[in-house]
Amino acid sequence: MAGRLFAVVGPSGAGKDTLMAAVSQRRPDLHLVRRVITRPSDAGGEEFDGVTEAEFLRMRDAGGFAIWWQAHGLCYGIPAGIDAVLAEGRDVVFNGSRGVLRAAAQRYPGLVVLHVTASVPTLAARLSARGRESAADIARRLDRASYALPGGLDIRTIHNDGTLAAAVDQMLGALQPESV
């Protein structure tokens, strides 16, 4: 039996990485993808593999990514190794982008989208607290927070305005197979 692929998406500051890390503590069987990103490895935030743009393009051209996209002036890649993990029957979770969901669903027809969201005041407070963006950058990120997700996908929403424990419970519920 093949594993299932979950794309975690949502606005900056919604708590995607925090939730993924907390959920993996409760579900160690999940395979959390370590993204490849064209930024320095010591840039902070999530754990990722930092590469130069030239390295990224070489990896992409050699078939090294199952899914890749560009956003915020950076390139992001999900390593092609997820195919082997899925073939082993393990569920795979990756931090994705709303803009790549349609292409990801074409390659992985059973894709489930976990849409992590929070109110604008919560997003603003979290973005400010992490100290990585200017006020203008935060304003731009908040403007993009309400972008719609593409239709026709299996989308499960997790509201992350309350406690981490409550959001983790929501995400764990969303990871369960649908009953028939």
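Structure report, in brief.

Reading the values: the criteria
- Residues numbered from 1 in each chain as written.
- Predicted model: local features only at pLDDT ≥ 70, side-chain atom pairs only at ≥ 80, totals over all residues.
- Heavy atoms only, no water.
- Phe/Tyr/Trp six-rings, centres within 6.5 Å; stacked < 30°, edge-to-face > 60°.
- Lys NZ or Arg CZ within 6 Å of the ring centre and 35° of its normal.
- Buried < 20%, exposed > 50% of the residue type's maximum accessible area, 1.4 Å probe, protein only.
- Helix = DSSP H or I, 4+ residues; strand = E, 2+ residues; numbered from the N terminus.
- Arc of directions from axis to C-beta.
- Contact = heavy atoms within 4.5 Å.
- Pairing = 2+ DSSP bridges.
- Axes fitted to C-alpha atoms, helices over the stretch in contact; angles between N-to-C directions.
- Parallel < 35°, antiparallel > 145°, perpendicular 65-115°, else oblique.
- Left-handed = near helix turned anticlockwise from the far one by under 90°.
- Nonpolar A, V, L, I, M, F, W, Y, C, P; charged D, E, K, R; others polar.
- Core = buried A, V, L, I, M, F, W, Y, C linked by side-chain atoms within 4.5 Å.

1. Quick word on the packing of aromatic side chains
The geometry of an aromatic ring pair is captured by the separation of the ring centres together with the interplanar angle, meaning the angle of the planes. Under the counting rule described, the total for this entry stands at 3 aromatic pairs. Considering the side-chain rings of tryptophan 69 and tyrosine 76, the 5.5 Å spacing of their centres and the 5° angle between planes classify their relative orientation as stacked. A connected cluster of aromatic rings, assembled from ring pairs, spans Phe56, Phe65 and Trp68. Above the ring of phenylalanine 48, the side-chain terminus of arginine 39 is found at 4.5 Å from the ring centroid. Seen from the ring of tryptophan 68, arginine 60 lies directly overhead, with NZ or CZ sitting 4.9 Å from the centre.

2. Brief notes about helix H6 (residues 135–144)
When we look at burial in H6, the residues that qualify are Ile138, Arg141 and Leu142. All buried residues of H6 project into a common sector of 100° when viewed along the axis, lining one side. Tucked into the core, H6 has its buried residues touching helix H5 (120–130).

3. Some thoughts on the sheet that holds strand E8 (residues 112–117)
Strand pairing in a sheet relies on backbone hydrogen bonds, with the paired strands running either antiparallel or parallel. Strand order in this open sheet of 5 strands is E2-E7-E1-E8-E9, and the pairing throughout is parallel. Whereas interior strands pair on both sides, the edge strands pair on one side only; in this sheet they are strand E2 (31–32) and strand E9 (154–159). Sheet topology note: the E8/E9 ladder contains 6 bridges and is parallel. Bridge assignment links histidine 115 to a residue of E9, and that residue is threonine 157. Of the strands in this sheet, strand E1 (5–9), E2, strand E7 (92–95), E8 and E9 are in contact with helix H1 (residues 16–26), which crosses E7 at around 160°. Packing of helix H7 (residues 164–174) onto the sheet brings it into contact with E1, E8 and E9, and relative to E9 it is tilted by some 165°.

4. Quick word on the packing of H1 against H7
Relative to each other, H1 and H7 sit at 70°, their axes nearing to 9 Å. The orientation of H1 with respect to H7, classified from their angle, is roughly perpendicular. In this structure, H1 crosses over H7, and the sense of that crossing is right-handed. Contacts from Thr18, Leu19, Ala22, Val23 and Arg26 of H1 reach H7 at Leu164, Ala167, Val168, Asp169, Met171 and Leu172. Class assignment of the residues belonging to the contact of H1 with H7 gives a composition of 8 nonpolar, 1 polar and 2 charged.

5. Notes on the nonpolar core
Membership of the largest hydrophobic core comes to 26 residues, with the highest contact counts inside it found for Leu5, Ile67, Ile82, Phe94, Leu101 and Leu111. Secondary structure elements with two or more residues in this core: E1, strand E5 (65–71), strand E6 (74–79), helix H3 (82–87), E7 and helix H4 (101–107). Ignoring anything within four residues of it in the chain, the contact list for isoleucine 82 reads Leu5, Val33, Ala66, Val92 and Tyr108. In this structure, Phe6, Ala22, Ile158 and Ala174 belong to the second largest nonpolar core, which totals 25 residues.

6. A closer look at the sheet that holds strand E4 (residues 49–50)
Here 4 strands make up an open sheet; going across it, the order is E4-E3-E6-E5 and the pairing mixed. Two strands lie at the open edges of the sheet, namely E4 and E5, each paired on one side alone. Bridge count for strand E3 (residues 36–37) against E4 is 2 bridges, and the pairing is parallel. Residue pairing for E4: valine 36 is matched across the bridge by aspartate 49. Lying on the sheet, helix H2 (residues 53–61) is in contact with E3, E5 and E6; it crosses E5 at an angle near 145°.

7. Observations regarding the packing of H5 against H6
Between H5 and H6, the least distance of the axes is 10 Å, while the angle of their chain directions is 145°. Crossing angle aside, the handedness with which H5 passes H6 is right-handed. Contacts between H5 and H6 involve Val120, Leu123, Ala124, Leu127, Ser128 and Arg130 from the former and Ile138, Arg141 and Leu142 from the latter. Along the lines of polarity and charge, the residues of the contact of H5 with H6 split into 6 nonpolar, 1 polar and 2 charged.

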